[in-house]
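Breakdown of the fold
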Amino acid sequence: MKPVLDSDLLRTFVAVAETGNFTRAAEKAGRTQSAVSMQMKKLEDMVGDDLFERGSRGVALTRRGGELIVNARRIVSLLDETAASLVAPPLGGLVRIGIPAEYGRSILSRALGEFAKRHPRVEVTVRYAHSDSQVRALAAGELDLAVVFEWEGSSGGEVLMHDPTVWVTSTLHHMHEERPVPIALYSRNGWCRDFAIKSLQQRGLDYRVAYTSDTNGGLTLAVTSGLAIAPISRSNIPEDCRELTVADGFGDIDSSNVVLHRNPLATGEAIDGMENAIREAFMLTRQASVAVGL
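Residues numbered from 1 in each chain as written. Predicted model: local features only at pLDDT ≥ 70, side-chain atom pairs only at ≥ 80, totals over all residues. Heavy atoms only, no water.

This part is about the sheet that holds strand 10 (residues 230–233). Across the sheet, 3 strands lie side by side as 10-7-11; this open sheet has antiparallel pairing. The outermost strands of the open sheet, each flanked by one partner alone, are strand 10 and strand 11 (241–243). Along the sheet, successive strands turn relative to each other by an average axial angle of 50°, direction set aside. As defined by bridge partners, strand 7 (residues 165–170) adjoins strand 11 across 3 bridges and the pair is classed as antiparallel. The partner of Thr 169 across the bridge, within strand 11, is Arg 242. Along the sheet, helix 8 (residues 216–224) makes contact with strand 7, strand 10 and strand 11, crossing strand 10 at roughly 120°. (Pairing = 2+ DSSP bridges. Helix = DSSP H or I, 4+ residues; strand = E, 2+ residues; numbered from the N terminus. Axes fitted to C-alpha atoms, helices over the stretch in contact; angles between N-to-C directions. Contact = heavy atoms within 4.5 Å.)

Attention now goes to the UniProt feature "domain: HTH lysR-type" (unreviewed entry) in the protein chain. UniProt annotation of "domain: HTH lysR-type" (unreviewed entry) refers to residues 5–62 when read in the numbering used here. Overall, residues 5–62 shows 62% helix and 14% strand. The separation of its end C-alpha atoms is 19 Å. (UniProt positions renumbered as here; feature names shortened; annotations may be inferred.)

Remark: helix 2 (residues 22–29) packs on helix 3 (residues 33–47), axes separated minimally by 8 Å, with the N-to-C direction vectors making an angle of 100°. Classified by the angle between their axes, helix 2 and helix 3 sit roughly perpendicular to one another. Between helix 2, through Phe 22, Thr 23 and Ala 26, and helix 3, the contact on the second element is made entirely by Gln 33, Val 36, Ser 37 and Met 40. The residue inventory of the contact of helix 2 with helix 3, partitioned by class, reads 4 nonpolar, 3 polar and no charged. (Parallel < 35°, antiparallel > 145°, perpendicular 65-115°, else oblique. Nonpolar A, V, L, I, M, F, W, Y, C, P; charged D, E, K, R; others polar.)

This is the structure in structure tokens:
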């Protein structure tokens, strides 16, 4: 028989996983430590496996626990969102978002999907463009919220995720073994020259530009079709592809952060709600990455 999971057990499970300690989880959940221990024992019995590795400094998730935590967080988040929607009136208005195309499917679709269910009267417009263009649009008042890559220093925005750019190759075509190595680059020169090409030159790798594109989708196509290797953010490596590491003679291209900026003149509950939805979507992505060991 399939176990019937109790949402209260999952909520306590998430608290233990996030604090790494039964005592702190008990404080967070408003229960005694023994009650939390009993709940987790009950959940482990239902799952049929250990969820935590106990140590002198606390607890850590087992492999089975890491598998469960992803869905547990989603369930708890959905319950919280549903509860909030029952007491909060639906919003209306216009929200203008700028975001890298890399996060259109993985992040924005999640944020928009949940937001639209709660606030169907809000009109959302999305602009996909490279980061410099998004920053200019934000400064010109053409965007309310902008998610951008920042490679050096900090501009004062909110860091949503650390997502370095790495060289990526197809596991089916092994183009990284060719010399000179064929590479795919963005059509614009600045970042490619200062980071991507420089990373190859620093490692003494001969290269030839085999493909150029204005979009991340074009670079992904170049890799998956076996035309070249390409610089892609670590969280967006496509299926049947892998990161080229130091062991391969490559390594990180940059140490970019994904940063959220808000137009200081943009006000309203609709924009507040979308900002929170984007933040939540990135948080869930970070948690999923940790669970699978990325």
